[in-house]
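In case you want the letters, here they are:
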Amino acid sequence: MKFNKLFIPGPTEVRKDVLEKMALPLIGHRGGDFAEFFNGVTAKLKKFLNTKDHVFVSTSASTGIMEGAILNCVKKRCLNVTCGAFGERWHQMTKACGFEADILKSAEWGKANRAEEIDKALSSGKYDAMTVQINETSTGIMNDYRSIAEVMKSYPDIMFLVDAVSAMAAVDINVDELGMDVCLAGVQKAFAVPPGITVFSVSEKAMKRSEIAKRKGYYFDFCVFKKYADKGQTPTTPAISLIYALDYKLDQMFDEGLENRYARHVEMAEYTRAWAKERFETYAEDGYQSVTLTTVRNSRAISVADLSKFLADKYSLQIANGYGKTKEKAFRIGHMGDLTLDEIKDLLSKIDEYTGTKS
Ligand SMILES: *Cc1c(COP(=O)(O)O)cnc(C)c1O
């Protein structure tokens, strides 16, 4: 197997010191030592997300908690706000879970969702829950989640379910101020921790919904998460090694300073965006371009597969092709997690080398 440095939008490049935390010996997850350790992780996560709500760690991909949010929080009918593949998947999941659901799409892929349109759809009175992505990783759109959160304040009975998978740990998410009922993220994106666990917040209101939910199963039952979290535990055997890595990463993020971390992401995004506009075009609409990845429209009709091969073979660097229907029509450069501006500059200069562009 050949390992490349990852500039893909997940999983992201994980530093060696983080990986090494996973080599620590295991401890039993029903013992006092674990409870003390896990309570510490939970406290750090609450501080990190600015919330007094419940915060849990699930041993699953993010998709598990996306499904969990539906099972615990939808009563009858959900509005799935979408601007790309992950939003569309949440809609499929909502229906697969047996609920009624409508989709509210952005004008097209590459465009963001608009708070006014969400407001209009919710004012119909048909919905008891709404799902939305902060950052749509398939298209490189970052929705204006603050304005969407403002709209949601007028609908206190509609659960505000947020996929923050490629946003959390890269942008400020103040869960309490924004009034999010569920906010979830797998740690393999901007946290720069290996995949396998998902962190999520659950508001008191969402917990009440969970209490009356009729078909929520067991593995993702929020009430069960709470029952165990109250004892410093998780319902089932957690990926303990990954929680070691997460704990270490949280300390590192506080040491870096969250504001500094968010500013570093903006800096990498602005640089990549400017580069993309000079050399190609950007795929995502102006004003809504993601701070965690840049989707470059392949306006020069290069072979993205060939570019990827060049970067991998010659420099052991990896970028991502377009997602689904944008394959070869675009490529995606992830600039999240622990990557630095210098590493981004190095990658972009190598893409310039491939296209024969003098920088
Ligand atoms: C990666 C991603 C997901 C899926 O995450 P899994 O951990 O693979 O389930 C969902 N939503 C967004 C926005 C993502 O970027």
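Just so it is clear, the structure is predicted and the values come from calculations on it, not from any experiment.

Undergrad: An account of the environment of Met207 is requested, with residue identities and associated values reported.
TA: The topology assignment puts Met207 in helix H8 (residues 204-212). A residue is classified by how much of its surface remains accessible, and Met207, at 1% relative accessible area, is buried. Sequence spacing of Met207 and Thr12 is 195 residues, and the spatial spacing of their C-alpha atoms is 32 Å. Excluding residues that lie within four positions of it along the chain, Met207 makes contacts with His54, Phe56, Val202, Phe222, Cys223 and Lys226.

Undergrad: Break down helix H9 (residues 222-229) for me, with residues and values.
TA: Along an α-helix, residues three or four positions apart point the same way, because every turn accommodates 3.6 residues. Three or more residues of H9 are buried, namely Phe222, Val224, Phe225 and Tyr228. On an axial view of H9, the arc spanned by its buried residues comes to 160°, and they lie on one face. Those residues of H9 that are buried are in contact with strand E2 (54-58), helix H3 (62-73), strand E9 (182-186), strand E10 (198-202) and H8.

Undergrad: Quick one: what's the story with the site of the ligand, residue by residue and with numbers?
TA: As a matter of local geometry, the ligand sits amid Ala61, Ser62, Thr63, Met66, Phe86, Asn135, Thr137, Asp163, Val165, Ser166, Gln188 and Lys189. Between the ligand and the protein, one listed contact pairs an oxygen atom with a side-chain N or O atom of Thr137 at 2.4 Å. For the ligand, whose unbound accessible area comes to 390 Å², protein coverage reaches 89%. Placement of the ligand is best described as lying within the largest pocket. Tallying contributions element by element places H3 first for the shell around the ligand, with three residues. When the residues that make up the shell around the ligand are grouped by side-chain class, the tally is four nonpolar, six polar and two charged.

Undergrad: Lay out the layout of surface pockets with the relevant residues and their values.
TA: The volume enclosed by the largest pocket comes to roughly 240 Å³. Contributing to the lining of the largest pocket are 16 residues, with Pro9, Phe86, Val165, Gln188 and Lys189 lying nearest its centre. Ranked by residues supplied to the lining of the largest pocket, first place goes to H3 with three residues. Considering only residue class, the lining of the largest pocket consists of six nonpolar, seven polar and three charged. In this structure, the second largest pocket occupies an estimated 190 Å³ of space. Contributing to the lining of the second largest pocket are 15 residues, with Met142, Tyr145, Arg146, Val171 and Val291 lying nearest its centre. Only helix H6 (145-152) and helix H11 (258-279) provide two or more residues apiece to the lining of the second largest pocket. Broken down by element, the residue count for the lining of the second largest pocket peaks at five residues, all from H11. Partitioning the lining of the second largest pocket into residue classes produces eight nonpolar, two polar and five charged.

Undergrad: Kindly report on the pairing of E2, identifying the contributing residues and their values.
TA: Put simply, side chains in a regular strand alternate between the two faces of the sheet. Of all five residues in E2, five are buried, a share of seventy percent or more. Alternating positions in E2 separate into two faces, His54, Phe56 and Ser58 on one and Val55 and Val57 on the other, with burial throughout. Both E2 and E10 contribute to a ladder of five bridges, which runs antiparallel. From the neighbouring strand, Val57 faces E10, where its bridge partner is Val199.

Undergrad: For the sheet that holds E2, give the residues involved together with the corresponding values.
TA: An order of E2-E10-E9-E8-E5-E3-E4 is seen for the seven strands of this open sheet, with the pairing classed as mixed. Two strands lie at the open edges of the sheet, namely E2 and strand E4 (100-105), each paired on one side alone. Adjacent strand axes in the sheet meet at a mean angle of 15°, parallel and antiparallel pairs treated alike. Bridge count for strand E3 (residues 77-82) against strand E5 (residues 129-133) is three bridges, and the pairing is parallel. Each residue of the ladder has a partner; that of Cys78, found in E5, is Ala129. Seen against the sheet, H3 touches E2, E3, E5, strand E8 (159-163), E9 and E10 and runs at an angle of roughly 165° to E9.

Undergrad: Let's hear about unusual backbone geometry: which residues, and what values?
TA: At the junction of Gly10 and Pro11, the peptide bond is cis and its omega measures out at -5° in the coordinates. Position of Pro11 among the secondary structure elements: in the loop between strand E1 (5-6) and helix H1 (16-21). Residue Ala169 is not a glycine yet carries a positive backbone phi of 85°. For Ala169, the position within the fold is in the loop between E8 and helix H7 (175-178).

Undergrad: Residue-level account of the pattern of salt bridges, with values.
TA: Applying the stated rule across the entire model yields 26 salt bridges. Notably, a salt bridge pairs Lys44 with Asp251, separated by 3.0 Å at the nearest N-O pair. Remark: Asp251 occurs in helix H10 (residues 240-256) and Lys44 occurs in helix H2 (residues 32-49); sequence separation between them is 207 residues. Among the residues examined, Asp251 registers a relative accessible area of 32% and is labelled partly exposed. Here Lys309 and Asp313 are joined by a salt bridge, their closest N and O atoms 2.6 Å apart. Remark: Asp313 and Lys309 occur in helix H12 (residues 304-315); sequence separation between them is four residues, near one turn of the helix.

Parameters at a glance
Residues numbered from 1 in each chain as written. Predicted model: local features only at pLDDT ≥ 70, side-chain atom pairs only at ≥ 80, totals over all residues. Heavy atoms only, no water. Helix = DSSP H or I, 4+ residues; strand = E, 2+ residues; numbered from the N terminus. Buried < 20%, exposed > 50% of the residue type's maximum accessible area, 1.4 Å probe, protein only. Contact = heavy atoms within 4.5 Å. Arc of directions from axis to C-beta. Near = heavy atom within 4 Å. Polar contact = N/O pair within 3.5 Å; in protein donor to acceptor, adjacent residues only side chain to side chain. Areas by Shrake-Rupley, 256 points an atom, 1.4 Å probe, with all protein chains shown as cover. 1 Å grid on protein atoms, 1.4 Å probe; cavity = no way out; pocket = protein on both sides within 12 Å on 5 of 7 lines; lining within 4 Å. Sits in = over half its atoms within 2 Å of the grid points. Nonpolar A, V, L, I, M, F, W, Y, C, P; charged D, E, K, R; others polar. Points joined across faces, edges and corners; volume = space filled by probe spheres on them. Pairing = 2+ DSSP bridges. Axes fitted to C-alpha atoms, helices over the stretch in contact; angles between N-to-C directions. Salt bridge = Lys/Arg side-chain N within 4 Å of Asp/Glu carboxyl O.

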